[in-house]
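Below are the chains, spelled out letter by letter.
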Amino acid sequence: MTSLSDSSKIIKPRPVNERYLDNVFKWTAQIFALTIALVLIWITVQVAIAAVPAIKQFGLNFLFQSSWNPVKSEYGVWPAIYGTIVSSFIALLIAVPIGIGVALFLSEDYLPPSIQRIFVFLVELLAAIPSVVYGLWGIFVLIPFLKNFTPLKGPGMLPAALILALMVLPVIAAISRDAITNVPESLRQAAVGLGATRWEAILQIMLPAASSGIIGGVMLALGRALGETMAVTMLIGNSNKVSLSIFAPSNTISSLLTNQFAEASGMQVSALMYAALILFAITLVVNILAQVLVKRLQKI
Amino acid sequence: MTDATFNPETLKRNPTSPRTLFSLFMSGVAGLFMTMAIIPLFIILFYLLYKGISALNFQVLVQLPPPPMVEGGGFGNAILGTVIMVAIGTLISLPVGVMAAIYLSEFSRGQLASWTRFATNVLSGVPSIIVGVFAYGVLVLTFKTYSAWAGGFALAILMLPTIVRTTDEALQLVPQDVRQASTGLGANDYQTVLQIVLPAAIPAIITGVTLALARAAGETAPLIFTALFTQFWPNWDKLLAEPTASLAVLVYNFAIVPFKNQQELAWAASFILVLLVLLTSIISRLATSTRKY
């Protein structure tokens, strides 16, 4: 009995100030976590408010007008929207099959694991090279190379889309690979047990089972392509005209912003903010869809 | 009755059947796509080595950018500017990111955590140019000057998601036993986190942060109209509230001019930027592959 009363004397309740400190720490952590969501909201509000004058003046016509004339204060982003969508579309057209091919090649047992890891690393490296370096390489290597056998005269849609494809490829490859390796091995074993060849199993079992993750990866890549700035600005030619030829110079929303922002003032800033808001809204929707799809993948 | 007898020959793969050939063909296609993805990487690295190294020497690292057509010069101020802005970015994003990750992995339950992770992922998908526009609106318009602070602020927002994600993952790798042992010895929650869990996760966190730093150093779009560019060294009397040079913007500015000497500097600066990401990627690869806990 005595030992019990002794120990109850030794173990004191936690001092009040210590419990207080504990709560302060937890609350601080929580506040910082909320900061992330707040930053997202802050970006939206900031850009939207700055765009209000332009929204009031131009309304929805802004989306379909083609003239961008600071002198006359006429602004429209149709050519930029067209260029953004077309360049991203061409980039995905190239990057999706190659990206999924790479994902399959690196998830099947074609290579011994140690070599496979090196290839995975190399593909990741493609994503790590800064955008501006892709632009530099595009200007001095890719465009002169393409000029040799295409009607390309200088910067244009084609080199920009090709570089974009290269830049989003690792996104598609990495997420598709995750999705494919997450498919339960038993599904493949069942398919092979029923007599399927490797590619019958891949095309009829593995890819359909991994489809939501792969589509999520493609959406993520789309978001990347739509918002990609430096390489595209350096390669697309920055011509504010809608041209159906992929060899002609074009424009994207992000390249419009890059070229005009530093020297803009007054209504032009607001018009650029309006353009930024449109880009932000598009990428936000695409990204949220992608997140939802990728999240569903994690639940499998 | 003969139908029912088992013929083992039917289990053999026919090497010339269309199904087998198709499978082989598709394997070839996958290998071809793999090659197509990797070859551009090697071509780019080759050009960076070939054009970058030849333009690189000691004076390039310490001198100021030259005017067009003048030999010599370098980008010392751009290196300094990049270091300053990445440092500002880290000082802002590191505490916020690590605390947010501590909340996510240690204290959160349920909805708020999953929403925060969602917000982190969405934030990492925001185009860097939008972050630049945002920093321009928040700092450049308010203080009426381009500054290293605005550039650093923009970089901080870009680094934040990476830091949160890597720290969150690093903390979750620390086994639950360690936390229970700490609590069992009478430690508070904050003592457990700050003195036990965080130190255990530090190597992985440092790796993640270095990777974020290297990526931030190559970001150009958010700096173009927040920090702008300058041919000069920072004037310390202005407390960095003036246009500041950076390697990334230097590459952009010097890539689109027709002057040979400036183009060469652009290649040299690109080489440094890529070397930075290359080294940090390889080191982080090695560090995470040997990590044990």
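Residues numbered from 1 in each chain as written. Chains lettered and ligands numbered in written order. Predicted model: local features only at pLDDT ≥ 70, side-chain atom pairs only at ≥ 80, totals over all residues.

Enquirer: Sorry if this is basic, but what is going on with the overall build of chain B here?
Expert: Looking only at helices and strands, chain B has 11 helices and zero strands in total. For a compact globule of 293 residues, the expected C-alpha radius of gyration is about 19 Å, and chain B comes in at 26 Å, more than 25% above that figure. Principal-axis analysis of the C-alpha atoms places the extent of chain B at approximately 100 × 65 × 35 Å. Within chain B, contacts between residues at least 6 apart in sequence are counted, and of these 75% link residues at least 24 apart. (Helix = DSSP H or I, 4+ residues; strand = E, 2+ residues; numbered from the N terminus. Rg over C-alpha atoms; globule rule 2.2 N^0.38 Å. Contact = placed C-beta atoms within 7 Å.)

Enquirer: Just to check I follow, could you spell out helix α4 (residues 78–107) of chain A for this structure?
Expert: Within an α-helix, residues lying three or four positions from one another point in the same direction, as the helix has 3.6 residues per turn. End to end, α4 of chain A covers 42 Å across 30 residues, agreeing with the expected 44 Å (1.5 Å per residue, within 8%). The largest bend in α4 of chain A amounts to roughly 30° and is located at A95 of chain A, with the proline P97 of chain A lying one to four residues further along. (Expected span 1.5 Å × (residues − 1). Bend = angle between axes of the 7 residues up to and from the residue.)

Enquirer: Mind showing me how you'd approach the interface of chain A and chain B here?
Expert: By convention, interface size is frequently given as the accessible area that disappears when the constituent parts associate. Taken together, the contacts link 67 residues of chain A with 69 residues of chain B. Of the residues forming the side of chain A that touches chain B, the biggest block, 19 residues, is contributed by helix α2 (residues 16–58) of chain A. Grouping the constituent residues of the side of chain A that touches chain B by class yields 46 nonpolar, 16 polar and five charged. (Nonpolar A, V, L, I, M, F, W, Y, C, P; charged D, E, K, R; others polar.)

Enquirer: Explain the packing of helix α3 (residues 76–107) of chain B against helix α8 (residues 189–217) of chain B here, please?
Expert: Describing two packed helices takes the angle between their axes plus the distance from one axis to the other. Residues and elements named next belong to chain B. Across the interface, α3 lies against α8 with an axial gap of 10 Å and an inter-helix angle of 140°. Relative to α8, the element α3 is oriented oblique. Crossing of α3 over α8 shows right-handed handedness. In this structure, α3 uses T82, V86, G89, T90, L94, I102 and E106 to contact α8, whose residues at the interface are V193, V197, V209, L213, A216 and A217. (Axes fitted to C-alpha atoms, helices over the stretch in contact; angles between N-to-C directions. Parallel < 35°, antiparallel > 145°, perpendicular 65-115°, else oblique. Left-handed = near helix turned anticlockwise from the far one by under 90°.)

Enquirer: Whenever I open this one, unusual backbone geometry confuses me. Can you help?
Expert: Peptide bonds are trans in most cases, and residues, glycine excluded, mostly fall at negative phi. Despite not being glycine, N238 of chain A shows a phi value in the positive range, around 50°. Mapped onto the secondary structure, N238 of chain A falls in the loop between α10 (230–235) and α11 (253–260). One non-glycine residue, L239 of chain B, lies in positive phi territory at about 55°. Assignment of secondary structure puts L239 of chain B in the loop between α9 (221–224) and α10 (247–255).

Enquirer: Would you take a moment to explain the confidence of the model for chain B for this structure?
Expert: Any residue range with low pLDDT should be treated as having predicted coordinates unsuitable for detailed reading. Of all residues in chain B, 97% attain a pLDDT of 70 or more, and the chain-wide mean is 89. We note a pTM of 0.91 for the whole complex and an ipTM of 0.91 for its interfaces. (pLDDT = per-residue confidence, 0-100.)

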